[in-house]
Amino acid sequence: RQKGNVATLDNLEVSEGDLNIPFDKDTTEYTWILPSDKSTDLQNYVTATPTDPSATVQYVPTSISYSAVGDKFDIVVNKSASFATSTPVISVSTL
């Protein structure tokens with residue numbers, strides 16, 4: 001993959017539960033299936049790696065909690081030099 005002034009993800013991993021499909025750089029929506037005992041501080045279980053090492057990654061909201069089926073959060077990848085942004089969306093559900 002080409003690195004440079006891009007605002008995309010090179011990888012997306014969760015350390016608890018599973019994503020419904022394997023990571024693909026062209027996929028912009030995932031469902032994260034969590035064990036039922038995980039509901040708060042979910043950002044601690046997500047690792048989003050930007051393609052460009054100088055890009056920033058932000059979770060919106062910054063403190064991710066699960067309270068209802070279909071809760072969603074965004075992963076915002078921002079490369080300010082190119083003013084590019086990318087926002088994969090993750091829906092959260094439990095087993």
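In case you missed it, the structure is sitting above this.
Residues numbered from 1 in each chain as written. Predicted model: local features only at pLDDT ≥ 70, side-chain atom pairs only at ≥ 80, totals over all residues. Heavy atoms only, no water.

Draft legend 1. Representation of the pairing of strand β3 (residues 29-34). Alternating positions in β3 separate cleanly, Tyr30, Trp32 and Leu34 being buried on one face and Glu29, Thr31 and Ile33 remaining unburied on the opposite face. Relative to β3, strand β2 (residues 18-19) runs antiparallel, the two being bridged by two bridges. Across the sheet, residue Leu19 finds its bridge partner in β3, namely Trp32. (Buried < 20%, exposed > 50% of the residue type's maximum accessible area, 1.4 Å probe, protein only. Helix = DSSP H or I, 4+ residues; strand = E, 2+ residues; numbered from the N terminus. Pairing = 2+ DSSP bridges.)

Draft legend 2. Region of the structure containing the environment of Ile75. Its location among the elements puts Ile75 in strand β6 (residues 72-79). Judged by its relative accessible area of 0%, Ile75 is buried. Taking the C-alpha atoms as reference, Ile75 lies 6.3 Å from Val89; in sequence the two are 14 residues apart.

Draft legend 3. Representation of the packing of aromatic side chains within the structure. What the rule picks out here adds up to one aromatic pair. Ring centres of Phe23 and Tyr30 lie 6.4 Å apart, and the angle between their planes is 15°; this geometry places the pair in the stacked category. Its relative accessible area of 21% is what places Phe23 among the partly exposed residues. On the basis of relative accessibility, which here comes to 1%, the residue Tyr30 falls in the buried class. (Phe/Tyr/Trp six-rings, centres within 6.5 Å; stacked < 30°, edge-to-face > 60°.)

Draft legend 4. Quick look at the environment of Ile90. With respect to the helices and strands, Ile90 occurs in strand β8 (residues 89-94). For Ile90, a relative accessible area of 0% translates into the label buried. Those residues within four positions of Ile90 in sequence are excluded, and the remaining contacts are Leu12, Tyr30, Trp32, Asp71, Lys72, Phe73 and Ile75. (Contact = heavy atoms within 4.5 Å.)

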